[in-house]
Amino acid sequence: MNNPYAPLLVMMGIAAVLALGGVGASVILGPKRYNRAKLEAYECGIEPTPHAIGGGRFPIKYYLVAMTFIIFDIEVVFLYPWAVNFTELATFGLVAMMGFLVLITVPFVYEWRRGGFEWD
């Protein structure tokens, strides 16, 4: 059996066994002394604030900052290899990247319209 994916599957299996084994060992061997302080939410060493009325919803600004990070991350992941191999990709690469940039402007426009780039 000369499957080229066999070493990868073995490595994934070993990683899964180690991860699940570590979690299982900590559940079985770890101390189980619960008290009020351990069961409370931890907020940087200060007393936790009470939950907001209506379930403690996060403001939209929180999600817009997260979306900004994801957009820039995705853009860098795709633009850097394209820039490195620009000459080999020629016209096809240019057209494909222009299509990608058009698609990636959709979340930018959404964030701009929602006020995600206005830092208060």
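Residues numbered from 1 in each chain as written. Predicted model: local features only at pLDDT ≥ 70, side-chain atom pairs only at ≥ 80, totals over all residues. Heavy atoms only, no water.

(A) Spotlight on the overall build of the protein chain. Of regular secondary structure, the protein chain possesses four helices and zero strands. Burial analysis of the protein chain (120 residues in total) assigns 11% to the buried set. Residue pairs at least 24 apart in sequence account for 66% of intrachain contacts in the protein chain once pairs closer than 6 positions are excluded. As presented, the protein chain carries roughly 10600 Å² of accessible surface, and 72% of it is formed by carbon and sulfur atoms. (Helix = DSSP H or I, 4+ residues; strand = E, 2+ residues; numbered from the N terminus. Buried < 20%, exposed > 50% of the residue type's maximum accessible area, 1.4 Å probe, protein only. Contact = heavy atoms within 4.5 Å. Areas by Shrake-Rupley, 256 points an atom, 1.4 Å probe, with all protein chains shown as cover.)

(B) Region of interest: the environment of Thr105. Its location among the elements puts Thr105 in helix H4 (residues 86-114). Along the chain, Thr105 and Ile71 lie 34 residues apart, while their C-alpha atoms are 9.2 Å from each other.

(C) Spotlight on the packing of aromatic side chains. For the coordinates displayed, the defined rule picks out four aromatic pairs. Relative to Phe86, the ring of Trp82 has its centre 5.3 Å away and its plane inclined at 85°; by these criteria the two rings are edge-to-face. Residue classification places Trp82 among the buried positions, given a relative accessible area of 17%. On the basis of relative accessible area, Phe86 is assigned to the partly exposed category, the value being 39%. Through a chain of ring-to-ring contacts, three or more aromatic side chains come together here, namely Phe72, Phe108 and Phe117. (Phe/Tyr/Trp six-rings, centres within 6.5 Å; stacked < 30°, edge-to-face > 60°.)

(D) Layout of the UniProt feature "transmembrane region" (unreviewed entry) in the protein chain. Taking the UniProt record as the reference, the feature "transmembrane region" (unreviewed entry) is found at residues 6-29, 62-83 and 89-110. Along residues 62-83 one finds 100% helix and 0% strand; the C-alpha atoms at either end are 32 Å apart. End C-alpha atoms of residues 89-110 are separated by 31 Å, and the span's content is 100% helix alongside 0% strand. (UniProt positions renumbered as here; feature names shortened; annotations may be inferred.)

(E) Structural view of the environment of Trp82. By the element assignment, Trp82 lies in helix H3 (residues 60-84). Distance in space between the C-alpha atoms of Trp82 and Leu94 is 8.7 Å, their sequence separation being 12 residues. If we ignore the near neighbours within four places in the chain, the residues touching Trp82 are Leu89, Gly93, Leu94 and Met97. Among the polar contacts made by the side chain of Trp82, one reaches the main-chain carbonyl oxygen of Gly93 at a distance of 3.2 Å. (Polar contact = N/O pair within 3.5 Å; in protein donor to acceptor, adjacent residues only side chain to side chain.)

(F) Summary view of H4. Taking 1.5 Å per residue, 29 residues should reach 42 Å; H4 reaches only 35 Å between its end C-alpha atoms and comes up short. By the largest-angle criterion, Phe92 marks the main kink of H4, which is about 70°. By the burial criterion, the buried members of H4 are Gly93, Met97, Phe100, Ile104, Phe108 and Glu111. Just beyond H4, the residue with positive phi is Gly115, at close to 85°. (Expected span 1.5 Å × (residues − 1). Bend = angle between axes of the 7 residues up to and from the residue.)

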